[in-house]
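Coordinates in review
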Amino acid sequence: MNKYDDLDKLLKLKEDGILSEQEFEIEKKKVLGTEQKEIKSQNDKIKNEVQNSNENIVRSYVEKINKEKKLSNKKKFKIFAIIFAITMIIILSIAGITSIVSNINENKKQEIEKSKEVVLPNVIGKTMAEAEEELTKLELNVERCTNTTSDSDGKDSDSIVKQITRDYSSTKEGEIVKKGDLIRIWGESQKWRDKQQERKEKGYKYCPASNDTVIRCAQTLISNQLKAPSTAIWGKSEKVDEDNYGRCLVYVSVEAQNSYGGLVKSDYLVILQEVSTDGKFTYSPYASTYTITTFVSSPYSYIEDYKNGNIYPVIKTFLDNNEWNTRPKDV
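One structure accompanies this document, and this report is about it. A quick note: this is a predicted structure, and the numbers were derived from the prediction, not measured. (Residues numbered from 1 in each chain as written. Predicted model: local features only at pLDDT ≥ 70, side-chain atom pairs only at ≥ 80, totals over all residues. Heavy atoms only, no water.)

**Thoughts on unusual backbone geometry**
- At Glu139, a position not held by glycine, the phi torsion is positive, near 65 degrees.
- Take Glu139: it is sitting in the loop between helix 3 (128-137) and strand 2 (141-146).
- Although it is not a glycine, Tyr286 adopts a positive phi angle of roughly 70 degrees.
- If you trace the backbone, Tyr286 turns up in the loop between strand 11 (281-282) and strand 12 (289-291).
- Residue class for Tyr286 comes out exposed when judged on its relative accessible area of 90%. (Helix = DSSP H or I, 4+ residues; strand = E, 2+ residues; numbered from the N terminus. Buried < 20%, exposed > 50% of the residue type's maximum accessible area, 1.4 Å probe, protein only.)

Shown next, in the form of structure tokens:
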């Protein structure tokens, strides 16, 4: 049965007087209300079906997109993995090649360095000319030096080699050096050896201390005589001469405060009897220093004249008072 049949029955019951007008309206609404519910139910059903259908469509689309995305990511990952693998292979290959090249270069470098190495021959006792020729053939740079500063002939060709050095460090036969290294050969002349024999026979000796040490000792002696030694400003100082028994003549110039606090420049000659390598020295009390006083020329002109053989009487007296070139009694 449908709603129209129900409405016909209600209308007949009304016409037959079974239902009043009010009851008829109530029943009619019930019939019509049920239909609306059915319509609503059908609409809801259709709506749900549409919604489910849309959701399925969307879900299918999303799944499709995700699937395609996963496939795309996998593809990208594969591409990245391939690129990474190729890159690593290239890097490792370059590193390997670089290492090989580096090893080859290092080996070549070592070979080159080794090819530059030479063994020092024994040249001690040979003449300077013979030693120089032998070392030059080994492609070494050679410099002649005198074994003693006082031996002016020590560099001559016929002088005898006493020692050899590299960078002023002593070296010897059999040591490895490189081609191009500077080798110094230190010679001693026959004239010097004869002179040493003569000095030995006469009791001569040399001052063992360096010139710098001698000068410092002379400055110390002068400093002890200054009124204000802490104010001393040392000027030109020089070891002028040395006698046959190791006595040293030294020129010292200094500027220092006097008793009144004023700066005064003074020039001195100092004679030290003995000076050791550690800076210890002896001198003659009351006679070891001489203050140079001149109003005509500079004090250093006394030194220049002395070097030229012109010894002033006051300087000669100063030397004699210190027993200059006089053989000590204990020699």
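Anyway, onward from the coordinates.
**Here's the deal with the nonpolar core**
- Core analysis: the largest hydrophobic core is formed by 18 residues, its most contacted members being Val214, Ile222, Val250, Val270, Leu272 and Val275.
- Of all the secondary-structure elements, those providing two or more residues to this core are helix 5 (211-223), strand 8 (248-257) and strand 9 (263-272).
- Apart from the residues lying within four places of it in its own chain, the contact partners of Val270 are Ala218, Leu221, Ile222, Cys248, Leu249, Val250, Val252, Ser288, Thr289 and Phe318. (Core = buried A, V, L, I, M, F, W, Y, C linked by side-chain atoms within 4.5 Å. Contact = heavy atoms within 4.5 Å.)

**A short note on the pairing of strand 9**
- Most of strand 9 is tucked away: seven of the ten residues are buried.
- Here ten bridges tie strand 8 to strand 9, and the two strands are oriented antiparallel to one another. Residue pairing across strands places Val252 opposite Tyr268, the latter belonging to strand 9.
- Linking two consecutive strands that pair antiparallel, namely strand 8 and strand 9, is a turn of five residues; a positive phi of about 90 degrees is found at Gly261 within it. (Pairing = 2+ DSSP bridges.)

**So, the side chain of Glu238**
- Structurally, the position occupied by Glu238 is in strand 7 (residues 233-242).
- Owing to a relative accessible area of 17%, Glu238 belongs among the buried residues under this scheme.
- Ignoring any residue separated from it by four or fewer positions in sequence, one finds Glu238 in contact with Ile215, Leu249, Val250, Tyr251, Tyr300 and Lys307.

**With respect to the sheet that holds strand 3 (residues 160-166)**
- As summarised here, the arrangement of the four strands in space is 2-6-3-4, forming an open sheet in which the pairing is mixed. Pairing within the sheet leaves two strands with one partner each, and these edge strands are strand 2 and strand 4 (169-171). Sheet twist, expressed as the mean angle between neighbouring strand axes with direction ignored, is 40 degrees.
- Note: strand 3 against strand 4, three bridges, orientation antiparallel. Within strand 4, the position partnered with Arg166 by the bridge is Ser169. (Axes fitted to C-alpha atoms, helices over the stretch in contact; angles between N-to-C directions.)

**Observations concerning the state of the cysteines**
- Counted by the stated rule, this structure contains zero disulfides.
- For the unlinked cysteine Cys207, the closest cysteine sulfur is that of Cys248, found at 3.7 Å.
- Its relative accessible area of 9% is what places Cys207 among the buried residues.
- You can call Cys248 buried: its relative accessible area is 0%. (Disulfide = S-S within 2.5 Å.)

**Concerning the pattern of salt bridges**
- Scanning the model with the defined rule gives 14 salt bridges in all.
- Linking Glu238 and Lys236 is a salt bridge whose minimum nitrogen-to-oxygen distance equals 3.9 Å.
- For the salt bridge of Arg247 with Asp243, the shortest nitrogen-to-oxygen distance reads 2.7 Å.
- Accessibility expressed as a relative area gives 3% for Arg247, which makes it buried.
- Taking the relative accessible area as the measure of exposure, Asp243 reaches 4% and is therefore buried.
- Taken together, the salt bridges that share partners define one network made up of Lys236, Glu238 and Lys307. (Salt bridge = Lys/Arg side-chain N within 4 Å of Asp/Glu carboxyl O.)

In short, shape yes, function no, at least from these values alone.
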